[in-house]
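The chain contents come next:
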Amino acid sequence: MAHVEWFDDLSVGIEAIDKQHQRLIEYANKLYDNLHDRELLAGVLADTIEYTESHFGFEETMMEESGYPYLRAHKRIHDLFIRRVAKYKERFLAGEDIGEELHDTLVRWLVTHIKSEDANYSASMIAKFGKDEAMLSKKKKGWFARLFGG
Ligand SMILES: [Fe+2]
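The structure displayed is predicted, hence computed values, not measured ones.

Draft legend 1. Main features of empty space enclosed by the protein. Taken as a whole, this structure holds two cavities of 30 Å³ or more when the rule is applied. Put simply, the largest cavity is a space of about 50 Å³. Lining the largest cavity we find L24, A28, T48, T52, F81, L106, W109 and L110. Within the residue set of the lining of the largest cavity, elements represented by two or more residues are helix 1 (15–33), helix 2 (38–65) and helix 4 (99–129). Sort the elements by how many residues they give to the lining of the largest cavity and helix 4 lands first, with three residues. For the lining of the largest cavity, a count of residues per class yields six nonpolar, two polar and no charged. Put simply, the second largest cavity is a space of about 40 Å³. Every residue along the wall of the second largest cavity is listed here: I49, T52, E53, F81, I82 and V85.

Structural data, given as structure tokens:
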């Protein structure tokens, strides 16, 4: 599996979330360029884990604030994915060459998750917050700021 280019079908219709997904895809692409470089892989792995967790936290807060009814099921899927990536980190630290497998998992999971589970919350969130970033920016004064430092 090669580089992933962003395509419109991946948009959930909410700019802030699309940008976060684009960043995760960038990490996957960076990983692809350095599949066997342990030093670089360590950095990408750390960035991916950290950013995935903050992105999931953001999505879950947005789902909660918008009254999305399937938050718990969605959160379970997020938690499982975090554990899956943590397993790759363990194997990496044990000296295994996991770059290719991790890249494959990231790309497959991200694309599938964005197009199915993430697409499902879109309508609830747009109804609550509006589509454009201006609307989301207004939220920065409250919980948005707590999550992202304004
Ligand atoms: Fe999600």
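Text resumes after the structure shown.
Draft legend 2. Geometry of the coordination of the iron ion. Within the protein, E59 (OE), H74 (NE2), H78 (NE2), H113 (NE2) and D118 (OD) serve as the donor atoms for the iron ion, at 2.1 to 2.4 Å. All donors of the iron ion come from a single chain, and their spacing in sequence reads E-x14-H-x3-H-x34-H-x4-D. Linking E59 in helix 2 with H113 in helix 4, this pair joins segments that are 54 residues apart in sequence. Residues E59 and H113 agree in their burial class; the two are buried.

Rules and cut-offs
Residues numbered from 1 in each chain as written. Predicted model: local features only at pLDDT ≥ 70, side-chain atom pairs only at ≥ 80, totals over all residues. Heavy atoms only, no water. 1 Å grid on protein atoms, 1.4 Å probe; cavity = no way out; pocket = protein on both sides within 12 Å on 5 of 7 lines; lining within 4 Å. Points joined across faces, edges and corners; volume = space filled by probe spheres on them. Helix = DSSP H or I, 4+ residues; strand = E, 2+ residues; numbered from the N terminus. Nonpolar A, V, L, I, M, F, W, Y, C, P; charged D, E, K, R; others polar. Donors = N, O, S within 2.8 Å, 3.2 Å for Na, K, Ca; no water. Buried < 20%, exposed > 50% of the residue type's maximum accessible area, 1.4 Å probe, protein only.

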